[in-house]
Amino acid sequence: MERIFNKFIKFSIYFLVFFLPLFWLPFTFEAFEFNKQYLLLFLVSFIFFLWLAKMVLVDKEIRFRKTPLDIPVLIFLFLAILSAFFSVDKISSLFGFYGRFSDGLMGLLSLGILYFLITNNVTLGNSKSQVLNSKQIPNPKSQIPNITVKGIMKVFIWAVFFVILISYFSIFGVWGKLNNLISLPRAMLQRTFNPVAGSLEGLAVFLVIVTIFLIGKILVNETTSRLTSFFHWILLLAALGLLIIIDFARAWILILVTLIFFMGFALWKRIFRENVNRLLLPIFLIIIAFLFIALNPLKNIQIGTLQFPLPQEQVLFQGASWKIAFRAVTENIKAGFLGSGIGTFHYDFAKFKPVELNQTWLWQIRFDRPGNHISEILGTMGFLGLISYLVLIGFFLLISYFLATGYKKLKGDNTLIAQQLPLLITFLALVVTQFVYYQNTVLAFMFWLILGLSVVSWQKSSTTAEIQGGPSKEKIFSFKDFPELSLVFFTLLIILGFTILGIYFFTLKFYLADVKYAASIQKPVEERIDLLEKTINLNPHQPQYKTLLARLYLQLALSELAKPLAEQNQQTLSLYISRAITYVKGGKTNGTYVKGATELAPNQVSAWETLGMIYREIHLVASGALEWGIKAFERAINLERTNPVLHTELGKLYLASGNLQKAREAFEKAKTFKPDYLDASIQIALLAERENKLEEAIREMERMSQDYPFNTEVLFQLGRLYFNNNQIDEAISQFKRVIDLMPNHSNAFYSLGVAYQRKGQKEEAISAFEKVLELNPNNLDVIQKLEELRK
């Protein structure tokens, strides 16, 4: 029985290590992080249950290896739980922000449990290191799974091999050629496809970690097998080749900084004094990294079908990331201690986005992740979270250093440092990574995996135990002679099993919900709505689903409103509008109360923006809509103060309600946050028209037409202002310019027809109105005008 448990545990850990970097599925909205998180949660919980079941059912004792990092790890996890409990967005804190997924509490707890599974079930595979004092083992027959550090790293290296192979196939278009023979998912046909992350930059950072690990393996030359050594060299060269092709500046910085730290330590401790030529490899890579950072030799170069640079991910600037984090953590006392909540960087970004970002081409992007992981911990988990995390890292590095130096004093050489080198410099690279790049599932998994394996490697040999008694001790609580305790533990195990099954049940429902959501994306509106309603039935807790469904119902309502009044179905129109509002604001649908997106996530700006947009579009047919729309946009602005779009939309509602002073304040506010925001400038000119300052409005619009000569909205509004000022020829000229730029601009054709009609040019007016009717069949107003002109 024990062997069966051990085999399942061993197979599951190896399976997780091999497949997590490779795992993705094309069935969900986000193919990579979402599926990796599910794999991580399922396998870690499964292994955790097997481990406990083996101790309770077979060993009749609880065994736990106590290590110096246990308390720092538990403190960090506890602070993450507190942060989620007091979060500004509890759904994002628990499951991760939708679209990113890897920043939630469930993922972090899975990784924390993985750490303890590694330290309690993995050994070094060295018989001498497994010799324990018989006094410590009340049950000598009890076995732990035959899972070794070397075994795990071999499995991981094979995973790396397939990651690199798949990535080369993508970049050089092999998948596209295979698609002619067999149908492949569309994601695989992109040159940026790789199984690690959704971007080449994420792949590059992963390859940096792999490169550093392989350098460590090659330097210590742990294996006597020439074939294995050759395989490591091939992988290193292949990884380096991909890094050169991707040419991500931060990846080169990571290599440079990590290897400089390593070289300094190696020279200080004289680790390779017996064969100093081994250091030529890291020196060579330092030079390569420096050249690519300083010279960027592949810029604007084409090799075959490859055009450099390759498509790049838009990553938030480092300065902006830190500025947002510091503003978030100083918002109030709670934020100072625990941050805004794990997984809520989207909230921090919206609320504390620097105004300077509005002057960059990234100004319309709402980032859900910062430029680096450390700033994210600061902003979302506060000073306590950041300090506990840095203490965890510091403890690990200090203990590793003291163990190695203690071994040197005892044995007179650097053997232990050299033997632990691959794991230590890999961990160092992972730490440096977190200062320059955000965390995804694979990088987080590698951090906790390497941390656990490094702790296991502290028991490198039995002589290590001579150094202050060794860094870890095994605690054993036996209940063989207490059947009552055995019953209690068995009952607790059953409860845990049902709890895990419950988690599987709900997460499976959520997974199926996302599959339906992904399937709806390419469907017509009516089919999308049907699939999204099924999605929400499976997962009613995701505000993004409800926000999108509300927008689709609004789209149907606007289509109904576009019909001639006699053809409008008022009951259907009322249903569409009601559903659109309900899915965002909350309310009853078919007698059942539906919790709206703003109720599920009251601090997500997109939900309030959607609600304001709905009220804006229906204000002509729904009394009170303007007032509610104003309140919705004001709430959105409280969450995203520096967004000029929200201020402009608020001003439009004030303008529609007749409050010209408030409208001007909103438009001017938008201009302060983005002086070149064109829509706000247009609205200010239209506001001057409302204030009977037509000449001023025309001057402003003429200035904008010179600055933006191809903007159809500016040209159309200028033509309309000319027409209202009785400058008919000028108006006709502007409407024609709009049509030249946008041949199906219905409003421009209509206005052109009206202008020709004013001038008495019936044939030209008829031609313009006929085009409008072609674009808008059954438009009664246009039909009537044509009938009048043809009399």
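All values reported here derive from a predicted model rather than from experimental measurement. (Residues numbered from 1 in each chain as written. Predicted model: local features only at pLDDT ≥ 70, side-chain atom pairs only at ≥ 80, totals over all residues. Heavy atoms only, no water.)

**Structural notes on the packing of helix α27 (residues 678-690) against helix α29 (residues 712-724)**
Thinking step 1. The N-to-C vectors of α27 and α29 enclose an angle of 10°; their axes lie 11 Å apart at closest approach. Comparing the axis directions of α27 and α29 gives the class roughly parallel. Contacts between α27 and α29 involve L678, I682, L686 and E689 on the former and, on the latter, E713, V714, Q717, R720, L721 and N724.
Thinking step 2. Class assignment of the residues belonging to the contact of α27 with α29 gives a composition of 5 nonpolar, 2 polar and 3 charged. (Axes fitted to C-alpha atoms, helices over the stretch in contact; angles between N-to-C directions. Helix = DSSP H or I, 4+ residues; strand = E, 2+ residues; numbered from the N terminus. Parallel < 35°, antiparallel > 145°, perpendicular 65-115°, else oblique. Contact = heavy atoms within 4.5 Å. Nonpolar A, V, L, I, M, F, W, Y, C, P; charged D, E, K, R; others polar.)

**Here we look at the environment of L240**
Thinking step 1. On the secondary structure map, L240 appears in helix α9 (residues 226-246).
Thinking step 2. If we skip the residues at most four places from it in the chain, L240 touches W252 and L285.

**Overview of a nonpolar patch on the surface**
Thinking step 1. The grouping of L57, L487, F490, I494, F498 and L501 at the surface amounts to a nonpolar patch, some 590 Å² of accessible area in total.
Thinking step 2. Ranked by residues supplied to the nonpolar patch, first place goes to helix α18 (residues 483-520) with 5 residues. (Patch = residues over 30% accessible without salt bridge, like charges linked within 9 Å, V, L, I, M, F, W, Y side chains within 5 Å. Areas by Shrake-Rupley, 256 points an atom, 1.4 Å probe, with all protein chains shown as cover. Salt bridge = Lys/Arg side-chain N within 4 Å of Asp/Glu carboxyl O.)

**Describing helix α10 (residues 249-269)**
Thinking step 1. In this model, α10 (21 residues) spans 30 Å end to end at C-alpha, consistent with the 30 Å of a helix rising 1.5 Å per residue.
Thinking step 2. Buried within α10 we find R250, A251, W252, L254, I255, L256, T258, L259, F262, M263, A266 and K269.
Thinking step 3. In the segment just after α10, R270 is the residue with positive phi, at about 55°. (Expected span 1.5 Å × (residues − 1). Buried < 20%, exposed > 50% of the residue type's maximum accessible area, 1.4 Å probe, protein only.)

**Describing the packing of helix α23 (residues 605-618) against helix α24 (residues 625-639)**
Thinking step 1. Packing of α23 against α24 leaves a shortest axis separation of 8 Å and a crossing angle of 155°. One way to sum up the angle between α23 and α24 is to call them roughly antiparallel. Handedness of the α23/α24 crossing: left-handed. Residue-level contacts link V605, W608, E609, L611, G612, M613, Y615 and I618 of α23 to A625, W628, G629, A632, F633, R635, A636 and L639 of α24.
Thinking step 2. Split into classes, the residues belonging to the contact of α23 with α24 amount to 12 nonpolar, 2 polar and 2 charged. (Left-handed = near helix turned anticlockwise from the far one by under 90°.)

**Describing the nonpolar core**
Thinking step 1. Of all hydrophobic cores here, the largest spans 142 residues; its most connected members are I152, F206, F262 and W448.
Thinking step 2. At 16 residues, the largest contribution of residues to this core is made by helix α8 (residues 200-220).
Thinking step 3. In contact with F262, other than residues within four places in its own chain, are L219, F272, L279, P282, L421 and I425.
Thinking step 4. Counting residues in each nonpolar core, the second largest holds 54 residues, with L554, L611, I630 and I637 among its members. (Core = buried A, V, L, I, M, F, W, Y, C linked by side-chain atoms within 4.5 Å.)

**Focus: unusual backbone geometry**
Thinking step 1. With a phi close to 55°, N590 is a non-glycine residue in the positive phi region.
Thinking step 2. Considering the arrangement of structural elements, one finds N590 in the loop between β7 (587-589) and β8 (592-594).
Thinking step 3. Of note, the phi angle at N726 is positive, near 65°, even though the residue is not glycine.
Thinking step 4. Under the relative-accessibility criterion, N726 is labelled exposed at 56%.

Honestly, that's just the spatial picture; any functional story needs more than this.
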